[in-house]
Structure formats: C-alpha cells, structure tokens
Amino acid sequence: MGEDDNVVARERIIESMEQSAEVYGLSRSAGRIYGVLYFSGEPLSIPELVDKTGYAKSTISNVTRTLTRIGLIHRRSSEGGGRRVQYTAEREIWFILQDVFQQYVQREIQTSLRTIQRAQAQLSEDTDTDAERIEELQQTYEDLQEIVTLTSNFTAAELRDALESYDK
C-alpha cells in the first residue's frame with residue numbers, strides 16, 4: 001500500500017467523520033477538522049488547519065471552540081510558551097461516546113420518560129390498548145436508560161468482558 005493509498009484511505013475516514021458530525025448535530029466542517037486533527041502526527045494551529053482544510057480562519061476558530069467545548073479536541077499553548085494556540089484530537093473514541101450518551105442520549109431518554117408518565121396520567125379508564133402500548137414504550141425507554149447508564153460507567157473492555165462472560 002503506497003502513500004497515495006494512505007491518503008485515499010485517510011480521506012475516506014475523514015469524509016465519514018463529516019457525515020457522523022451531521023448526525024450528532026455538528027457541521028460537516030466540524031467533522032473534517034476533527035478528522036484532520038485525528039490523523040495529524042502533531043498539534044495544529046488555526047493557520048495550519050486553514051491550510052489543511054481550506055476553510056476560512058473564522059470557520060476554524062468557531063469550530064475549534066465548539067469541538068473544544070464538547071471534548072472532541074484539546075486546546076494547548078504552543079511549545080516554548082508561545083502565544084499560538086494548537087489543537088489535538090481526543091483519540092479515545094469510547095470516552096467521546098460515553099460523553100455523548102451522558103449529555104444527549106440520557107437527557108432525551110429522561111424527557112421521553114417524563115412525557116410518557118404525563119400521558120399515562122391523562123389516559124381515561126377505557127383505553128386499555130393505548131395504556132398497554134404506552135407501558136411497552138415506557139419499558140423500552142427504561143431498558144435503554146439502563147443500557148446508557150452501563151455504557152457510561154464502564155470502559156469498552158469491561159463491557160466486552162462482561163458480555164463475553166455472559167455469552168458462555
């Protein structure tokens with residue numbers, strides 16, 4: 001596999017990161033910037049990110065601020081105490097997924113469960129079918145909440161070990 005093949009493979013992954021970013025409510029540029037940083041062998045500054053992505057400095061600045069806030073990238077001063085800020089990607093994807101589960105999925109589950117509970121309180125006595133379906137939905141969300149809690153509290157290796165021991 002030559003260097004050209006590596007470039008193609010890397011670009012394919014970065015394009016996938018762009019699409020994933022959109023799924024999670026981020027811009028495609030956030031996915032590309034994260035991908036460029038992920039594959040970079042060293043921290044990159046805003047001007048370097050401008051060169052590597054072709055995005056405007058203002059776009060890079062806004063996106064790096066967002067990615068830093070949500071923990072996908074880390075900001076640090078340049079070596080030697082310089083004033084130029086550099087960025088590195090969080091490479092531990094499991095950590096990022098746990099954070100997404102805790103911040104977004106858990107919140108959505110809790111909102112849905114509150115809505116279900118309010119709906120149950122409003123049901124009239126003669127709506128057995130609706131009550132059963134809502135109860136099933138509530139159970140599904142409670143199961144999902146338990147799964148999210150487990151994935152948030154354990155490492156990927158711990159979960160894999162637990163599943164493998166259960167499988168035996």
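Reading the values: the criteria
Along each chain, residue indices are assigned from 1 in the same order as the chain's sequence is written. In keeping with the model being predicted, local features are shown solely for residues with a pLDDT of at least 70 and side-chain atom pairs are shown and tallied solely at 80 or more, while totals for entire chains, interfaces and linings include all residues. Working from all heavy atoms in the structure, the side-chain values ignore hydrogens and water. Computed over the protein atoms alone on a 1 Å grid, cavities are sets of points where a 1.4 Å probe fits but cannot get out and pockets are open sets with protein on both sides within 12 Å along at least five of seven lines; a residue lines them when it has an atom within 4 Å of a point. Grid points are joined across faces, edges and corners, and a volume is the space filled by probe spheres set on the points. Helical segments are the DSSP runs of H or I of at least four residues, strand segments are the runs of E of at least two, and each set is numbered from the N terminus. In this classification, the charged set is Asp, Glu, Lys and Arg, the nonpolar set is Ala, Val, Leu, Ile, Met, Phe, Trp, Tyr, Cys and Pro, and all remaining amino acids, among them Gly, are polar. Strand pairing is defined by DSSP finding a minimum of two bridges between the two strands. We call two residues in contact when some of their heavy atoms are within 4.5 Å. Lines fitted to C-alpha atoms define the axes, with helix axes restricted to the stretch in contact, and inter-axis angles between N-to-C directions lie between 0 and 180 degrees. By salt bridge we mean one thing: a side-chain nitrogen of Lys or Arg within 4 Å of a carboxyl oxygen of Asp or Glu. Categorising residues by exposure relies on relative accessible area from a 1.4 Å probe, with only protein chains included: less than 20% of the type maximum marks a residue as buried, more than 50% marks it as exposed, and the intermediate range marks it as partly exposed. What is meant by a nonpolar core is a set of buried Ala, Val, Leu, Ile, Met, Phe, Trp, Tyr and Cys residues, joined one to another through side-chain atoms within 4.5 Å. Reported orientations rely on four angle classes, namely roughly parallel under 35 degrees, roughly antiparallel over 145, roughly perpendicular from 65 to 115, and oblique for the rest. Two helices crossing with the near one rotated counterclockwise from the far one by less than a right angle form a left-handed crossing, whereas a clockwise rotation gives a right-handed crossing. A pair of Phe, Tyr and Trp rings is counted when the ring centres sit within 6.5 Å of each other, with Trp represented by its six-membered ring. The angle between the planes then sorts it: under 30 degrees is stacked, over 60 is edge-to-face, the rest tilted. Sitting over a ring, as applied to charges here, requires NZ of Lys or CZ of Arg to be within 6 Å of the ring centre and within 35 degrees of the ring normal.

A. Expanded view of the layout of surface pockets. Reported here for the largest pocket is a volume of approximately 500 Å³. Breaking the lining of the largest pocket down by element, the ones donating at least two residues are helix H1 (3-23), helix H2 (28-39) and helix H5 (93-122). With eight residues, H5 is the largest single contributor of residues to the lining of the largest pocket. Its residues placed into classes, the lining of the largest pocket shows 15 nonpolar, five polar and one charged. Of the voids in this model, the second largest pocket is the one considered here, and its volume is about 160 Å³. The wall of the second largest pocket is formed by Arg 10, Glu 11, Ile 14, Arg 32, Val 36, Phe 39, Ser 40, Gly 41, Glu 42, Leu 44 and Lys 52. Among the secondary structure elements, those contributing two or more residues to the lining of the second largest pocket are H1 and H2. For the lining of the second largest pocket, the per-class residue count stands at four nonpolar, two polar and five charged.

B. Structural detail: the sheet that holds strand S2 (residues 73-77). Taken together, three strands build an open sheet; the order of strands is S1-S3-S2 and the sheet is antiparallel. Two strands lie at the open edges of the sheet, namely strand S1 (44-45) and S2, each paired on one side alone. Strand direction decides the pairing type here: S2 and strand S3 (residues 85-89), joined by five bridges, are antiparallel. Bridge assignment links Ile 73 to a residue of S3, and that residue is Ala 89. Where helix H4 (residues 57-69) meets the sheet, it contacts S2 and S3, and its direction lies at approximately 110° from that of S2.

C. Focus on the pattern of salt bridges. Per the stated rule, a full pass over the model turns up four salt bridges. One salt bridge in this structure joins Arg 32 and Glu 11, with 2.5 Å as the shortest N-O distance. Residue Arg 32 is located in helix H2, and its partner Glu 11 is located in helix H1; the two are separated by 21 residues in the primary sequence. For Glu 11, a relative accessible area of 28% translates into the label partly exposed. The partner of Glu 18 in a salt bridge is Arg 28, with the nearest N and O atoms 3.3 Å apart.

D. Structural context of the nonpolar core. Ranked by internal contacts, the top residues of the largest apolar core, which has 19 residues, are Ile 33, Tyr 34, Leu 37, Leu 49 and Leu 67. Considering every element that reaches this core, the biggest residue donor is H2, with five residues. Leave out the neighbours within four places in its chain, and Tyr 34 touches Met 17, Leu 67, Leu 72, Ile 73, Ala 89, Glu 90, Arg 91, Ile 93 and Ile 96.

E. Spatial organisation of the packing of H1 against H2. Interaxial distance between H1 and H2 falls to 7 Å at its minimum, and their mutual angle equals 140°. Taken as axis vectors, H1 and H2 run oblique relative to one another. Considering the relative orientation of H1 and H2, their crossing is right-handed. Listed contacts from H2 to Arg 10, Glu 11, Ile 13, Ile 14, Glu 15, Met 17, Glu 18, Gln 19, Ala 21 and Glu 22 of H1 are Arg 28, Gly 31, Arg 32, Tyr 34, Gly 35, Val 36, Tyr 38 and Phe 39.

F. Expanded view of the packing of aromatic side chains. For the structure shown, the criterion picks out two aromatic pairs. Seen from their ring centres, Tyr 38 and Phe 39 are 5.3 Å apart, and the 85° between their planes marks the pair as edge-to-face. We classify Phe 39 as partly exposed; its relative accessible area is 34%. Feature note: the residues Tyr 34, Tyr 38 and Phe 39 constitute an aromatic cluster, connected by ring pairs. Over the ring of Tyr 38 we find Arg 91, and its NZ or CZ is 4.8 Å from the ring centre.

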